[in-house]
Amino acid sequence: MVLRNKWIWSLLTIICCIVVMAFKPVSKLKKWDAETPIHEVLFALGEEKPKHFLKKMTPEMVERGKEIILTGQTTSPKGKKSSRVSKYYQCTTCHNLVQEDPDLTKRDPELRLDYAIKNKLPFLQATTFHGIVNRESWYNDDYVKKYGDLVRKANQSLEESIQLCATECAQGRLLKGWELEAVTAYFWSLGFKLGELGLTDQEMGQLVEGNEAADPEELRAMLKSKYMLKSPAHFGDAPPNKEKGYEGLTGNPERGKHIYELSCQYCHKEGGVSWYTLDDNKLTFKELLRNIPKEKHFSLYQIIRYGTYAVPGHRPYMPHYPIERMSNQQVEDLRSYIVQEAK
Amino acid sequence: MKLKTAILMLLLMGSLVFAQEKELVNGIFRGSRIINSHSLETQRAGEFEFILSHRFGTIENGISDLFGLDVARMRMGFAYGATSWLTLGVGRSTFEKTYDGYVKARILRQKKGGLPFSMTYLGSTAIRTQAFGPQDSIAASKFTNRLFYTHQIMIGSKISDRLSIQIMPTLVHRNFIDSREEETNDVFAIGGAMRFRLTKTLALSGEYYYVLPGQLRDGFVNSAAIGIEISTNGHDFQIELTNSQGMQEKIFITETTSRWSDMGIRMGFNLSRKFKARGKWF
């Protein structure tokens, strides 16, 4: 009888615990502030964890990931120096690590250039790693259309994207399991924080007070409306007549100068990733100007819109700029700067 | 004494300019060679350069030997950038089967709004390995007598976007000279070179070595060369006309015999390809 009572009491205790937990107020909300990563908030609001979520993330993993991103190699958990992921590039050759769009809900290259000038950021072909874990697809739109099966998996998976970037974009090798985890852990450390989303006091209040009346789904949707879940990527064309340039557009040499410095010279500086140096020498501008009408990649229209390809014997190449990364207007701005400097 | 003080002051000024962190002037010359001469440029750290040079026979025989193309001297060389300021190199020339090894060290760098010139030191050793003939002195075949040394200071400046110049006070020491002739073991020469860029990828170059009188026996003349330089990504081509058949200092400075005035002109080329041996490629 005593034994039976014990069982009943135990069962009642478990049921009570479950009931208490189920109806427990969302007390965690009170801890959320500007520094709280938004994934924590979303998970607390019932968001399903993405495939690239790591159950275990240590500061060591983050540090290793950062080293891989910045230099292409790191020290493995066993203490051995890893080989370089790519002989030619590191991730930061094409990607920034910090916020690059002033408004996270827009991908406007004009606004981005202003932001890059103000914050002295490179103006690059690929999107920033800041907030990359908060996106829901990668290698979007025309990348899928053009490259098909090569990028289809990467379009739906951050881990596949990292591997695709390492092997195809950087012309390197696949990352080992621990390297992939380290890079992913570093990416999680670059995720958006509540304070970066530009939430109104009212919106922040909804989260902080944990208004039980608010629908978690609505809160999640509100949060996700504050940033883009994907970076659109559409490929542009060179103008049909390169001599005339893009129809109806007039370049601004002042903005073109910034593009030349923050974009072209980022890779084509002395000691940069390219043999083809672009300095401020008049001869360089004359050469660029002379090549503009040509149907080859030395024409700025051609190289910006189509890039070059890695070929056997010469793996380094230049990726093109989708129009979201450099607008036609900006190409004309660059051209006008070259024309001005070549005189 | 005054000269020493002046040089010291100049170096001191250079050091002061360095301290101001001004922007370096890059690419005074495109490659590591001007024509026969070294340029003051060193390899980037971890960069490996393969350079293949040919000097053909004189053009004086015309079509019969295809303007000298039937006769060729070749040097194959490798240079490696141990650091961004120190280059180590080796090479072998078919002329007297001569091997050479050298170090090139940057001493000063030209800076925008600062020091107006760059300075590099070149130290080179050459060994003749070709067997001596019966007409040569027996002493010449001794190993130490086969050695030649060159010390050179290269001072150069990018005068404008198009024009770069370089002067090269040079000392060539020959361990052995034929005592039957009026010659000196040490040969002092002053070289001058220029590069004029026609476009971003095309340039004209020229160089001339003046050997101070009384050091070489009759028949030896000063080396002079002109060339055209074509640069592509990774490859540099130099096509030249010169009166020297050697591509090592001891040969073209002290052993040039052909005269431009007598059609003793030779065609030649340098072809260089750079690789990255250490660190990230680019």
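Just so we're clear, the structure is a prediction, and the values are computed from it rather than from any experiment. (Residues numbered from 1 in each chain as written. Chains lettered and ligands numbered in written order. Predicted model: local features only at pLDDT ≥ 70, side-chain atom pairs only at ≥ 80, totals over all residues. Heavy atoms only, no water.)

## A closer look at the side chain of E255 of chain B
Residues and elements named next belong to chain B. Relative to the elements of secondary structure, E255 occurs in the loop between α2 (249-254) and β12 (266-276). You can call E255 buried: its relative accessible area is 16%. Within polar-contact distance, the side chain of E255 engages the side chain of K250 at 3.1 Å. Filtering out sequence-adjacent residues up to four positions away, E255 remains in contact with F95, E96, F220 and K250. (Helix = DSSP H or I, 4+ residues; strand = E, 2+ residues; numbered from the N terminus. Buried < 20%, exposed > 50% of the residue type's maximum accessible area, 1.4 Å probe, protein only. Polar contact = N/O pair within 3.5 Å; in protein donor to acceptor, adjacent residues only side chain to side chain. Contact = heavy atoms within 4.5 Å.)

## Regarding the packing of aromatic side chains
Residues and elements named next belong to chain A. Taken as a whole and judged by the stated rule, the model has 18 aromatic pairs over all chains. Summarising the aromatic geometry, the rings of F53 and W188 are spaced 5.5 Å apart at their centres and angled 85° between planes, so their arrangement reads as edge-to-face. One end of the pair, F53, is in the loop between α2 (38-44) and α3 (59-71); the other, W188, is in helix α8 (residues 177-189), with 135 residues separating them in the sequence. With a relative accessible area of 22%, F53 lands in the partly exposed category. Here F129 and F187 contribute two aromatic rings whose centre-to-centre distance is 4.6 Å and whose plane-to-plane angle is 40°, an arrangement assigned as tilted. Here the residue F129 occupies a position in the loop between α4 (109-119) and α5 (142-147), and F187 occupies one in helix α8, the gap between them amounting to 58 residues. Using a relative accessible area of 4% as the deciding quantity, one classes F129 as buried. Among the aromatic residues, those joined into a cluster by ring pairs are Y139, Y143, Y147 and F235. Sitting over the ring of F43, K49 keeps its end group 5.6 Å from the ring centre. (Phe/Tyr/Trp six-rings, centres within 6.5 Å; stacked < 30°, edge-to-face > 60°. Lys NZ or Arg CZ within 6 Å of the ring centre and 35° of its normal.)

## Brief notes about the pattern of salt bridges
Under the counting rule described, the total for this entry stands at 29 salt bridges over all chains. For K230 of chain A, the salt bridge is made with D141 of chain A, and the minimal N-O distance between the two is 2.7 Å. Of this pair, K230 of chain A sits in the loop between α10 (216-224) and α11 (253-268) while D141 of chain A sits in the loop between α4 and α5, placing them 89 residues apart in sequence. Taking relative accessible area as the criterion, K230 of chain A reaches 32% and is therefore assigned partly exposed. We note a salt bridge from R217 of chain B to E183 of chain B, for which the minimum N-O separation is 2.7 Å. (Salt bridge = Lys/Arg side-chain N within 4 Å of Asp/Glu carboxyl O.)

## Concerning the interface of chain B and chain A
Contact residues are listed per partner, giving 18 residues for chain B and 21 residues for chain A. Taken together, the two surfaces of chain B and chain A that pack against each other cover about 2000 Å², and 53% of this comes from carbon and sulfur. Between chain B and chain A we count zero salt bridges in total. Applying the counting rule to chain B against chain A returns three residue pairs in polar contact (both at pLDDT 80 or more). Residue classes in the side of chain B that touches chain A are distributed as three nonpolar, six polar and nine charged. (Buried area = accessible area lost by both parts, 1.4 Å probe. Nonpolar A, V, L, I, M, F, W, Y, C, P; charged D, E, K, R; others polar.)

## Things to note about helix α7 (residues 158-169) of chain A
Residue and element names in this part refer to chain A. Of all the residues in α7, the buried ones are L158, S161, I162, Q163, L164 and A166. Of the surrounding secondary structure, the elements contacted by the buried residues of α7 are α6 (149-156) and α8. Backbone geometry just after α7 places Q171 at a positive phi near 55°.

## Section: the confidence of the model for chain A
Residue and element names in this part refer to chain A. In the predicted model, chain A carries a mean pLDDT of 91, and the fraction of residues at 70 or more is 92%. At the low end of the mean pLDDT range in chain A sits helix α1 (residues 2-22), at 67; at the high end sits helix α14 (residues 328-342), at 98. For the stretch residues 25-29, pLDDT sits under 50, and the model shows four contacts to residues farther than four places along the chain or on other chains. (pLDDT = per-residue confidence, 0-100.)

## Topic: the sheet that holds strand β11 (residues 235-242) of chain B
All names here are of chain B. The strand order β1-β2-β3-β4-β5-β6-β7-β8-β9-β10-β11-β12 describes a closed barrel built from 12 strands, whose pairing is antiparallel. Pairs of neighbouring strands in the sheet enclose a mean axial angle of 20°, with direction left out of account. Of the strand pairs in this sheet, strand β10 (residues 224-231) and β11 are connected by seven bridges, and their pairing is antiparallel. Bridge assignment links E229 to a residue of β11, and that residue is Q238. (Pairing = 2+ DSSP bridges. Axes fitted to C-alpha atoms, helices over the stretch in contact; angles between N-to-C directions.)

## Observations regarding empty space enclosed by the protein
All names here are of chain B. Following the criterion strictly, the structure yields four cavities of 30 Å³ or more and no others. Its volume calculated, the largest cavity comes out at about 80 Å³. Considering only residue class, the lining of the largest cavity consists of four nonpolar, four polar and four charged. In this structure, the second largest cavity spans a volume of roughly 60 Å³. For the second largest cavity, the full set of lining residues is R30, G31, S32, R33, E49, I51, E229, D236, Q238, N270, L271 and S272. If you list the elements that add at least two residues to the lining of the second largest cavity, you get β1 (47-58), β11 and β12. A per-element tally of the lining of the second largest cavity places β12 first, with three residues. (1 Å grid on protein atoms, 1.4 Å probe; cavity = no way out; pocket = protein on both sides within 12 Å on 5 of 7 lines; lining within 4 Å. Points joined across faces, edges and corners; volume = space filled by probe spheres on them.)

## A few points about a nonpolar patch on the surface
On the surface, L198, L204, I228, I230, F237 and I239 of chain B cluster together to form a nonpolar patch covering roughly 430 Å² of accessible area. Secondary-structure elements contributing two or more residues to the nonpolar patch are β10 and β11 of chain B. (Patch = residues over 30% accessible without salt bridge, like charges linked within 9 Å, V, L, I, M, F, W, Y side chains within 5 Å. Areas by Shrake-Rupley, 256 points an atom, 1.4 Å probe, with all protein chains shown as cover.)

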